[in-house]
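Take a look at the letters that make up each chain.
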There are 2 protein chains.
Amino acid sequence: MEKIGRKEREHLAHRGEILRAAEKVFAAKGFFQATMNEIAEAAEFGTGTLYKFFKSKEDLFFILIDEKTEEINGPVKDELLKKAPAIERIKNILRLQLEFIERNRDFFRIYASEGSRFEWKVMSSCGNQIHEKMVAYIHLLAQVMKQGMGEGKLKSMDPLDLAHAFEGIVHSFIFEWLISPESYPLISKAETILEIFLNGTEKKERRK
Amino acid sequence: MEKIGRKEREHLAHRGEILRAAEKVFAAKGFFQATMNEIAEAAEFGTGTLYKFFKSKEDLFFILIDEKTEEINGPVKDELLKKAPAIERIKNILRLQLEFIERNRDFFRIYASEGSRFEWKVMSSCGNQIHEKMVAYIHLLAQVMKQGMGEGKLKSMDPLDLAHAFEGIVHSFIFEWLISPESYPLISKAETILEIFLNGTEKKERRK
DNA sequence: TCATTTTGTGAATAGTCATTCATTTCTAAA
DNA sequence: TTTAGAAATGAATGACTATTCACAAAATGA
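Residues numbered from 1 in each chain as written. Chains lettered and ligands numbered in written order. Predicted model: local features only at pLDDT ≥ 70, side-chain atom pairs only at ≥ 80, totals over all residues. Heavy atoms only, no water.

J.: Before we go on, may I ask you to explain the protein's contact with DNA strand C in this structure?
T.: Taken together, 16 residues sit near DNA strand C, with A:G46, A:T49, B:R6, B:M36 and B:K57 positioned nearest. Among atoms of DNA strand C positioned within 4 Å of the protein, sugar and phosphate together represent 63%. A distance of 3.1 Å separates a base nitrogen of DNA strand C from a polar backbone atom of A:G48. At 2.9 Å, a side-chain N or O of B:Y51 approaches a phosphate oxygen of DNA strand C. Only helix 3 (47–53) of chain A together with helix 3 (47–53) of chain B provide two or more residues apiece to the surface near DNA strand C. At 4 residues, the largest contribution of residues to the surface near DNA strand C is made by helix 3 of chain A. (Near = heavy atom within 4 Å. Polar contact = N/O pair within 3.5 Å; in protein donor to acceptor, adjacent residues only side chain to side chain. Helix = DSSP H or I, 4+ residues; strand = E, 2+ residues; numbered from the N terminus.)

Next comes the structure, spelled out in structure tokens:
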């Protein structure tokens, strides 16, 4: 449907290069300490050029976050369209998340270190928009938890609590992986995460 | 032992007032957007006065974090001196943490939103010092997990993994509590957290 | 080739703040 | 009351950097 000429393609490519450069710089220095000059330099453009593509520094930042967020949310939503038992879904979502982060180390650096939610609420309205998306995501997850309860596979608890607990565990493992000096595949932690989330950590007496 | 005259007492009181004001302002706006003027105003001092007490903005910030961190770490360490079964300890530490945060909403706002670890490593050496403390804390927790395994009460897993998972769950509940519009006692989530951490979320068939 | 439009540039601008320090206000001893 | 010293002040300084814009380069197409 969409016919795009060379011109447009080139424009998009440039935009992409800027975003990629911004991702690196923001990840390394954080929003406030990154300068537009640095980003421009990293992208091999003049400073003024950035403003041909993005309204402001904040704008650049939020668009970066927003697009990446969509990139991970898409596959997760696709997953939720398929009919599948809740526990299967949880496993798949976990895998998707870990794989995405593994491919986007820098992005999570930003996402985690920059304004873990709070600053965003303070910043431009765009910040709010991102916050909304995060809330929406958690609610999706809560839906899955509820489904699991309906299937009799998960204990009856507040589904939101479960969703938070799950994301909490996942995040802490991602954090650890991010700052760990040794490099290991993040996905290798999937089983541990699931084991803890589903079965807990207490050793049980053997069942009869 | 320590004789302190009125003078000194007053000096300490002023220092404390500045720290309290800083806590509020940093919590509301974040490190980079808080200004020294604002903090001074909130503390009802002149701008210059802050510099009689703290070398710089960074200095003020880190000292604030550091002192608060000690305030929570102290009781936790005391707890660890007592002889007690691991699971008992975990419960107590959880209670201590939740109670502390409940009394120090603003502090956790800062702690969580500001440089979840990464920025700190970039910043002054003081940032590193705080990072070290966080690592040390996790290792303490891991020790407790190991103890629990020794007692046959916890599954044999990497103790650090357990510690991370635990902190992950706790943090996510604190986050939620922080941004939640309804106000409820944070401590009320203790049972849920423990239940998930120890027993997991999967519904088990009745044991015989 | 030349005129026109599009795209890119980076020096100059303007605003923001951390920090300083000359001055004022307070304290208490004489 | 006087006065030396301590404590507090906030206007002025100096750095820094987001953003703009007059200009240059490149692309287009006649």
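There's more to say after this.
J.: Honestly, the domain arrangement of chain A in this entry has me stumped. Any pointers?
T.: Bring the parts together and some accessible area is lost; that lost area is often taken as the interface size. Residues and elements named next belong to chain A. Annotation of chain A at the domain level lists domain 1 (1–54) and domain 2 (56–201). If you average the C-alpha positions of domain 1 and of domain 2, the two centres end up 26 Å apart. Contact with domain 1, which involves 16 residues of that partner, is made by 18 residues of domain 2. Buried area between domain 1 and domain 2, summed over both chains or domains, comes out near 1600 Å², and the portion from carbon and sulfur atoms is 72%. Three residues, E23, F31 and F54, lead the burial of domain 1 against domain 2; their summed loss comes to 43% of the area buried on that side. Summed over the shared surface of domain 1 and domain 2, the number is 2 salt bridges. Across the pair R15 and E67 runs a salt bridge, and its minimum N-O distance is 2.1 Å. (Domains from an automatic or database assignment. Contact = heavy atoms within 4.5 Å. Buried area = accessible area lost by both parts, 1.4 Å probe. Salt bridge = Lys/Arg side-chain N within 4 Å of Asp/Glu carboxyl O.)

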